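Descriptive analysis of the structure
The residues making up each chain are set out below.
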Amino acid sequence: MEGSRKAGPNGKFLAFGSSDYSLRMLDSTTLSPLLSILKAHEFSITTVRFSPTSTLLVSGGVDNSIRIVTVPEKFAGQPWSMIILIILALLVIMVAVLLQK
């Protein structure tokens, strides 16, 4: 397969564009397809890149065109949400311990 391949900065996604003009995104651990855009460009895709937050996927074609795709929230997720939940749980435990004393 000709084209471009790139892993997302958070390591959760793989994206690739190929000479059939399609742009695809896979889950990096299961290789399950998450997003497929057929005919994303009029000519072959030469480069794909994720934004630093993995919320945007940018592709470029041979004809110097670019396409910017928003990664759906259900795939992008919020990396801080789990950390915030853990911190809140620890705070609740600390308050419960202090109230028992």
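What comes next is a walk through the structure. (Residues numbered from 1 in each chain as written. Predicted model: local features only at pLDDT ≥ 70, side-chain atom pairs only at ≥ 80, totals over all residues. Heavy atoms only, no water.)

1. Focus on the packing of aromatic side chains
Defined as follows: Two rings from Phe, Tyr or Trp (for Trp, the six-membered ring) form a pair when their centres are within 6.5 Å of each other. A pair whose planes differ by under 30 degrees is stacked, one over 60 is edge-to-face, and the rest are tilted. Strands are runs of DSSP state E lasting at least 2 residues, helices are runs of H or I lasting at least 4, and numbering of each runs from the N terminus. For the exposure calls, accessible area comes from a 1.4 Å probe over protein chains only, and a residue counts as buried if that area is under 20% of its type's maximum, exposed if over 50%, partly exposed in between.
Tallied over the entire structure, the rule returns 1 aromatic pair. Summarising the aromatic geometry, the rings of Phe 13 and Phe 50 are spaced 6.0 Å apart at their centres and angled 25° between planes, so their arrangement reads as stacked. Here Phe 13, found in strand β2 (residues 13-18), pairs with Phe 50, found in strand β5 (residues 45-50); they are 37 residues apart in sequence, far enough to count as distant. Look at Phe 13 and you get buried, because its relative accessible area is 2%. On the basis of relative accessibility, which here comes to 11%, the residue Phe 50 falls in the buried class.

2. Points about the pattern of salt bridges
How we decide: Put simply, a salt bridge is a Lys or Arg side-chain nitrogen that is within 4 Å of an Asp or Glu carboxyl oxygen.
This structure, assessed with the given rule, holds 1 salt bridge. The residue Glu 42 makes a salt bridge to Lys 39 at a minimum N-O spacing of 3.8 Å. A residue is classified by how much of its surface remains accessible, and Glu 42, at 52% relative accessible area, is exposed.

3. Brief notes about unusual backbone geometry
Residues other than glycine seldom take positive phi values, yet Tyr 21 does so here, at roughly 75°. Secondary-structure assignment places Tyr 21 in the loop between β2 and β3 (23-27). Even without glycine at this site, Leu 31 takes up a positive phi of about 60°. Within the secondary structure layout, Leu 31 lies in the loop between β3 and β4 (33-37).

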